[in-house]
Amino acid sequence: MTARRTVIRGGLVLGHGGDAAPMDMLIEDGRILAIEAPGFEASEDAEVLSAHDRMLIPGLISAHTHSHGALNRGAVDDRASLEMFLTGAGASTRSRGIDDKYLSAALSAAEMIRKGCTACFDLSVEFPGPSREGISAVARAYHDAGMRAVVAPMIADRIIYQALPGLLEALPEDLRAQCASLAAEPIEPTLATCRDILANWEFDRRWIRPALGPTIPLHCSDPFLTACAQLSAEYGVPLQTHLAESRAQAALGRTRYGKSLVGHLDQLGVLSERLSAAHGIWLDDDDIARLGQTGVGVAHNPSSNLRLGSGVAPVRKLLQNGITVGVGTDASNTSDGQNMFEATRLASYLSRIDGFDSEQWLSAKEAFDLATEGSAKILGFEKIGRLAPGYEADIVFLRLDSPHFVPLRWPLMQMVFGENGASVHTVMIGGRIVFDDGKLLTLDEASLRRRAEDAARRLDEANAGAFATAATIARLVGTFCAAQGCTGHTLPRKLSLACEG
Ligand SMILES: [Zn+2]
């Protein structure tokens, strides 16, 4: 079989060093073979693509999202904190069939591609528990979209009322009995399903890989966390959890474990290079040092952290401790979109809140590197996130006639700080064009839209009772969590200041 070759001519290619220069690229069988000065000779059988007036950048990589969130767009209260959101999370994923799970992932993938994101780490939840068919449907959606993805069943053996110590007792009596009767799926069938998923993965791992997502340490018993870590080691797959995302989590972790969440995971032996921590906001210096020493990565989600009022992750400190940091959007229902350009810009801008020493702020290049090469490491893919020979041809073509590129002086900075995704003209993943001139070529977006509207009507009706109950309880949970951590615990400085204020 002869190799499939493409030459991309005339583009302004963003190199690893941050400079953009006019270059031609030769792609063979989906990988970048060479990047050369314009006009180099390619074999006659190579397809020629013009990238005139385009900047070519590596596809952005979301280190943390949830495809199930796409079908819940518009359904989360505009002032919900994390725990208020989690109170209603079960209601929002009930009643879904396999088609709904596929549809939600396809919607999520379509948005990511449109916004220049070519790979993601997806923690996908199913109600009441994970299934091989459900995870397979999500993976198939990414396959059909032509994206790369790591797909992890998001799992737990506690629901929020068992997870947060003191919460049940804080609820009014009538609700307490109701909430106490609810329970998560038992541990054994969940772990058996995960083993089945890992042992029988049916997708090409160059594109789509499995992982495990024990959702939040407080929502997982110790035997459950340990079993997840063992499974991840046995099958050599990544593990991702939401770690110290909210102030309440950090404080209640100390209440439950008598130590920090990181300290607890360390004691259980869960910290390793296979683990990545989504959010990683409420960490003290000792936590950060331990994450650095054990090789745990962090997926930074600035847009979601702002939306849910969770806080600001200490990204500079994480980097100073040698921690791999990637950037993610989180789900479409907790950051209202899958816009990796926005998340990358916010990663840089938010670092300025940490102090007035501008040398400590994340530069545009640093933020971009985190959203590409950093995220690639979190996903465990070695050859994505950079335009260089040997790397996968995951390339986003940006229009250079967009206002923020005119006049063009500093392409990288103007892209990181000015781009919102509207300049994305063409997206190539593994050498295949999946989006071109405003049109997604792999999925029928008009049909997805019709199906999403139908599904939303059906699911909202089916889950109306559960949503109404959750809405009532969410306010009480929000009040309970807002009060956590203001007394009696050693917590990061910003938290103490917030409490004093
Ligand atoms: Zn998340």
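Residues numbered from 1 in each chain as written. Predicted model: local features only at pLDDT ≥ 70, side-chain atom pairs only at ≥ 80, totals over all residues. Heavy atoms only, no water.

Points about the pattern of salt bridges
- Tallying each qualifying case throughout the model produces 23 salt bridges.
- Across the pair Arg132 and Asp196 runs a salt bridge whose closest N-O atoms are separated by 3.3 Å. Of this pair, Arg132 sits in helix H3 (residues 132-145) while Asp196 is found in helix H7 (residues 187-199), placing the two residues 64 residues apart along the sequence.
- Overall, the relative accessible area of 28% leaves Asp196 in the partly exposed class.
- Its salt-bridge partner being Arg307, residue Asp336 comes within 2.5 Å of it at the nearest N-O pair. With Asp336 in the loop between strand E14 (325-327) and helix H14 (340-350) and Arg307 in helix H12 (residues 302-307), this residue pair connects regions lying 29 residues apart in the sequence. (Salt bridge = Lys/Arg side-chain N within 4 Å of Asp/Glu carboxyl O. Helix = DSSP H or I, 4+ residues; strand = E, 2+ residues; numbered from the N terminus. Buried < 20%, exposed > 50% of the residue type's maximum accessible area, 1.4 Å probe, protein only.)

Description of the packing of aromatic side chains
- Per the counting criterion, the structure on display carries two aromatic pairs.
- Consider the rings of Trp201 and Phe203, whose centres lie 5.4 Å apart with planes at 55°: the pair is tilted.
- Residues Tyr349 and Phe417 carry aromatic rings whose centres are separated by 5.1 Å and whose planes lie at 55° to one another, so their mutual orientation is tilted. With a gap of 68 residues between them, Tyr349 in helix H14 and Phe417 in helix H16 (residues 411-418) connect regions that are remote in the sequence.
- The ring centre of Trp207 lies 4.3 Å from the NZ or CZ of Arg148, which sits over that ring. (Phe/Tyr/Trp six-rings, centres within 6.5 Å; stacked < 30°, edge-to-face > 60°. Lys NZ or Arg CZ within 6 Å of the ring centre and 35° of its normal.)

As for unusual backbone geometry
- For the bond running from Phe127 to Pro128, omega is 0°, close enough to zero to count as cis.
- Mapped onto the fold, Pro128 is located in the loop between strand E7 (117-124) and H3.
- The residue Asp330 is not glycine, and still its phi comes out positive at about 65°.
- Structurally, the position occupied by Asp330 is in the loop between E14 and H14.
- With relative accessibility at 3%, the residue Asp330 sits in the buried group.

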